[in-house]
Amino acid sequence: MSTTETLIAIIVPIVVILALITLVTWFVVRRRRLRERFGPEYDRAVRSGDGRLSAERELHSREKRHQDLDIRELPPGARERYAEDWNRAQQEFVDHPDRSVTDADRLVTQLMRDRGYPTEGFEQRLKDLSVEHAHTLEQYRAAHDVGRRNENGEATTEELRGAMVHYRALFQELLGGTGGTGGTHRRGGSPHAA
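Worth saying up front: this structure is predicted, and the values here are computed from it rather than measured. (Residues numbered from 1 in each chain as written. Predicted model: local features only at pLDDT ≥ 70, side-chain atom pairs only at ≥ 80, totals over all residues. Heavy atoms only, no water.)

On to the layout of surface pockets, then. Of the volumes computed, that of the largest pocket is approximately 190 Å³. Lining the largest pocket are 14 residues, and of these Glu41, Ser48, Arg62, Lys127 and Arg141 lie nearest its centre. Going through the elements one at a time, α2 (40-48), α3 (52-68) and α6 (122-133) are the ones with two or more residues in the lining of the largest pocket. Class assignment for the residues of the lining of the largest pocket results in 3 nonpolar, 3 polar and 8 charged. (1 Å grid on protein atoms, 1.4 Å probe; cavity = no way out; pocket = protein on both sides within 12 Å on 5 of 7 lines; lining within 4 Å. Points joined across faces, edges and corners; volume = space filled by probe spheres on them. Helix = DSSP H or I, 4+ residues; strand = E, 2+ residues; numbered from the N terminus. Nonpolar A, V, L, I, M, F, W, Y, C, P; charged D, E, K, R; others polar.)

Right, let's get into the packing of α3 against α6. The geometry of α3 relative to α6 is characterised by a closest axis approach of 9 Å and an angle of 85° between their N-to-C directions. With respect to their mutual orientation, α3 and α6 come out roughly perpendicular. Of the residues in α6, those in contact with Glu58, Arg62, Glu63, Arg65 and His66 of α3 are Gln124, Lys127, Asp128, Ser130, Val131 and Glu132. Among the residues forming the contact of α3 with α6, the class breakdown is 1 nonpolar, 3 polar and 7 charged. (Axes fitted to C-alpha atoms, helices over the stretch in contact; angles between N-to-C directions. Parallel < 35°, antiparallel > 145°, perpendicular 65-115°, else oblique. Contact = heavy atoms within 4.5 Å.)

Bringing helix α7 (residues 137-151) into the picture now. Taking 1.5 Å per residue as the helical rise, α7 with its 15 residues ought to reach 21 Å, and the 21 Å between its terminal C-alpha atoms agrees with that figure. Within the sequence span of α7, burial applies to Leu137, Gln139, Tyr140, Arg141, Ala143, His144, Val146, Gly147 and Asn150. Where the residues of α7 are buried, they touch α2, α5 (97-115), α6 and α8 (157-175). Following α7 by one or two positions, glycine 153 has its phi on the positive side, about 70°. (Expected span 1.5 Å × (residues − 1). Buried < 20%, exposed > 50% of the residue type's maximum accessible area, 1.4 Å probe, protein only.)

Here you go:
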């Protein structure tokens, strides 16, 4: 074996190993970034998809779609109006919990639309929200489920109260945590607790 052949026999495997290490590192970093960004939504996507790589491709496509959306902050006047509308919906809960939950769902959807999120179909809303609001998606799902049962007169007052708390979590995130709705989400308590 010549010196050139010996060098090639040594260098080629090293290059292949380095390429494999780089590829594995890229996958690990990408996975970690997706897990951090999507939180519990990452695990949900893995469980409901055709495997981890498929779920990661789906989450990556959500990020790409999200980049193309015109997501914007609300002007201060609109933020204040939304906060007032939310406070009215919460106050209405005492006398009309069913109507209050319907109003909360409507307010969240309007707020999404005004922020620039498309609002066609609940599943697509979840996907679009998951990029920046993954940590409140389970709450939104739970609230939406109660809201649907509320439409059929099947939700209890306690479930409606829980739905208000869940809607409020996403509402506050979308609003920016300001505007009189309270800056933090508290678990439990009445819908007036924030």
